[in-house]
Amino acid sequence: MRIHRTFPLLAFAALLSADDEAGKIMRPADKSSHKSGTVSLVATAPFGRLELDGEPLELAQPFPNVFHGEMKVSPGTHSLVLKWAGGRKEVRFFSGPNAPAEFTSFQQHPPIADVACTQCHELTARGRFRFKGGCFDCHKAESFQKVHTHPSSLLEECGMCHNAHGSTVKAHLIHPKEIACKLCHP
Ligand code: HEC
Ligand code: HEC
Ligand code: HEC
Ligand code: HEC
């Protein structure tokens, strides 16, 4: 188990809230296919551990409890597992040409190379990693309401509906439109 020397209080708080939702693999998406043998990973879990095809995977933690780095993989199907005290998540992905039908092409977002995590994230004064915005540096604020029914001030938690790290689906939606409205209008 990996101990954070710089953020002991934060790590402790995270441990107290450890549950099945505490760990997330933001990238790659489950059942995604990747042309390249270099696959980008973004994940988080309190005192998390990663395994690629059953072997421990050591990756940098640019923020407390947040993993980010590139995996070098051979052509074929792979299993990525994230484990922590409260649970376990797994995604399966494919690398190389001729992906089997169950895998869908992964569209990374933003599709521009080398966009920093801090474009959209910051650490709070207490060291908590959080979303801060920054979407409208690239997207037109004026056209937002046409697509969204509500102004962006009301839908500021973009992550409620979009996976901003990429996905295999149109508009990187986490929920289909019908369900997205019901998050607030049950
Ligand atoms: C284009 C904007 C954008 C970029 C760039 C981005 N993220 Fe995110 N990220 C988001 C959004 C939006 C969420 C959802 C926030 C929420 O629901 O609170 C999120 C959530 C996360 C989460 C989950 C946080 C939690 O506890 O639920 C992690 C971890 C994360 N991002 C890591 C990263 C890392 C590491 C990078 C850099 C490789 C990165 N992100 C780049 C927009 C972005
Ligand atoms: C660094 C620039 C950049 C930032 C920041 C950025 N995007 Fe994007 N995004 C793009 C580009 C480029 C595209 C692909 C071209 C397009 O469809 O506009 C894209 C595409 C998308 C799409 C897919 C559009 C489609 O029709 O499939 C969604 C949804 C999206 N972005 C949401 C977000 C959200 C939400 C945030 C903030 C959390 C964000 N973007 C931040 C550059 C960015
Ligand atoms: C309640 C759910 C929800 C939230 C919250 C949300 N979106 Fe969306 N967004 C959608 C849906 C649904 C679509 C697809 C609309 C369609 O295809 O008709 C979409 C589409 C988009 C697109 C593609 C639009 C295009 O012109 O093709 C972008 C960019 C985008 N959203 C950005 C954002 C940003 C930035 C935020 C946060 C400020 C955000 N969204 C918050 C549901 C949401
Ligand atoms: C983040 C929460 C949230 C989401 C997601 C959301 N809404 Fe709303 N919606 C609101 C709030 C809050 C109001 C009241 C706003 C006001 O009075 O200005 C509202 C008002 C409305 C109204 C005006 C009628 C009324 O009941 O006052 C309509 C229509 C509506 N929403 C449709 C939608 C649709 C369609 C979607 C999905 C595309 C959606 N909303 C998603 C929060 C949300």
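Above: the structure in question.
Note that the structure is predicted; figures quoted are calculated from it, not measured. Within each chain, residues carry numbers counting from 1 in the order of the written sequence. For this description, chains carry letters from A and ligands carry numbers from 1, given in the order in which they are written. Given that the model is predicted, a residue must reach a pLDDT of at least 70 before its local features are reported, and side-chain atom pairs must reach 80 or more before they are shown or counted; all residues, however, enter totals for whole chains, interfaces and linings. Just so you know, side-chain values use all the structure's heavy atoms and leave hydrogens and water out.

Enquirer: Provide a residue-level description of the overall build of the protein, including the pertinent values.
Expert: Runs of H or I in DSSP of at least four residues are treated as helices and runs of E of at least two as strands, each being numbered from the N terminus. If you tally the helices and strands in the protein, you get 3 helices and 13 strands. Contacts are residue-level and defined by heavy atoms, with any inter-residue pair within 4.5 Å sufficient. In the protein, 57% of the contacts between residues at least 6 apart in sequence involve partners at least 24 apart.

Enquirer: Report on the site of ligand 4, specifying residues and quantitative values.
Expert: Around ligand 4 lies a shell formed by Thr149, His150, Leu154, Leu155, Met160, Ala180, Cys181, Cys184 and His185. Definition of a polar contact: a pair of N or O atoms within 3.5 Å, with one able to donate and the other able to accept a hydrogen when the atoms are protein atoms, and with sequence-neighbouring residues admitted only if both atoms are side-chain atoms. For ligand 4, a nitrogen atom lies 2.7 Å from a polar atom in the side chain of His150. Gly is placed with the polar residues, together with every amino acid not listed as nonpolar (Ala, Val, Leu, Ile, Met, Phe, Trp, Tyr, Cys and Pro) or charged (Asp, Glu, Lys and Arg). Taken together, the residues of the shell around ligand 4 sort by class into 6 nonpolar, 3 polar and no charged. The cutoff for a nearby residue is simple: one of its non-hydrogen atoms must lie within 4 Å of the molecule or strand.

Enquirer: Summarise the environment of His165; cite the residues concerned and give the values.
Expert: Along the chain, His165 falls in the loop between helix H2 (144-148) and strand E13 (166-167). Residues contacting His165, with those up to four places away along its chain left out, are Met26, Arg27, Val42, Phe106, Gln108, His109 and His121.

Enquirer: Outline the site of ligand 2, listing residues and values.
Expert: Neighbouring residues of ligand 2: 16 residues in total, closest His109, Cys135, Cys138, His139 and Ala171. One of the side-chain N or O atoms of His139 is found 2.8 Å from a nitrogen atom in ligand 2. The separation between an oxygen atom of ligand 2 and a polar main-chain atom of Ala171 is 3.4 Å. Of the residues in the shell around ligand 2, the class split is 10 nonpolar, 6 polar and no charged.

Enquirer: Tell me about the sheet that holds strand E8 (residues 87-95), and please be specific about residues and values.
Expert: A pair of strands counts as paired when DSSP detects no fewer than two bridges linking them. With mixed pairing, 6 strands are arranged side by side in an open sheet as E5-E4-E7-E8-E2-E9. Sheet topology places strand E5 (55-57) and strand E9 (104-105) at the edges, where each strand pairs with a single neighbour.

Enquirer: An account of the pattern of salt bridges is requested, with residue identities and associated values reported.
Expert: When a carboxyl oxygen of Asp or Glu lies within 4 Å of a side-chain nitrogen of Lys or Arg, that pair is called a salt bridge. Tallied over the entire structure, the rule returns 5 salt bridges. Close ionic contact of Lys31 with Asp30 constitutes a salt bridge, the shortest N to O distance being 4.0 Å. Throughout this description, buried means an accessible area under 20% of the type-specific maximum (1.4 Å probe, protein chains only), exposed means over 50%, and partly exposed covers the range between. The exposure class assigned to Asp30 is partly exposed, which follows from its relative accessible area of 39%. Measuring nitrogen to oxygen at the nearest pair gives 3.4 Å for the salt bridge that ties Arg92 to Glu102. You can see Arg92 sitting in strand E8 and its partner Glu102 sitting in the loop between E8 and E9, a full 10 residues away along the chain. Looking at Arg92, the relative accessible area reads 32%, which means it is partly exposed.

Enquirer: How would you sum up the coordination of the iron atom of ligand 2? Please name residues and give values.
Expert: Only nitrogen, oxygen and sulfur atoms count as donors, using a 2.8 Å cut-off from the metal that widens to 3.2 Å for Na, K and Ca. Water is left out, so coordination shells may look unfilled. The protein atoms donating to the iron atom of ligand 2 are His109 (NE2) and His139 (NE2), with metal-donor distances spanning 2.0 Å. Geometry at the iron atom of ligand 2 is octahedral, judged from the 6 donor atoms that bind it and their angles of 86 to 179 degrees at the metal. Placement of the pair is His109 in the loop between strand E10 (107-108) and strand E11 (121-123) and His139 in the loop between strand E12 (129-131) and H2, with a sequence separation of 30 residues. Judged by its relative accessible area of 46%, His139 is partly exposed. Only four donors with every angle between 85 and 135 degrees are called tetrahedral; only four or six donors with opposite donors over 155 degrees apart and all others between 65 and 115 are called square planar or octahedral, in that order; all others are irregular.

Enquirer: Please provide a residue-by-residue account of the packing of aromatic side chains, values included.
Expert: In summary, the pairing rule links any two rings of Phe, Tyr or Trp, Trp by its six-membered ring, whose centres are within 6.5 Å, and it sorts them by plane angle into stacked for under 30 degrees, edge-to-face for over 60 and tilted for everything else. Evaluated as defined, the whole model comprises 3 aromatic pairs. Where Phe94 meets Phe103, the ring centres are 5.8 Å apart and the plane angle is 40 degrees; that geometry is what we call tilted. By relative accessible area, Phe94 is classed as buried at 8%. Ring geometry for Phe136 against Phe144: centres 5.7 Å apart, planes inclined by 80 degrees, an arrangement best described as edge-to-face.

Enquirer: Any details on the coordination of the iron atom of ligand 4? Residues and values, ideally.
Expert: All of the protein donors around the iron atom of ligand 4 are His150 (NE2) and His185 (NE2); their distances to the metal are 1.9 Å. One can describe the site at the iron atom of ligand 4 as octahedral: its 6 donor atoms subtend angles covering 87 to 179 degrees at the metal. Here His185 lies in the segment after helix H3 (177-182) and His150 lies in the loop between H2 and E13, a separation of 35 residues in the sequence. For His150, a relative accessible area of 27% gives the class partly exposed.

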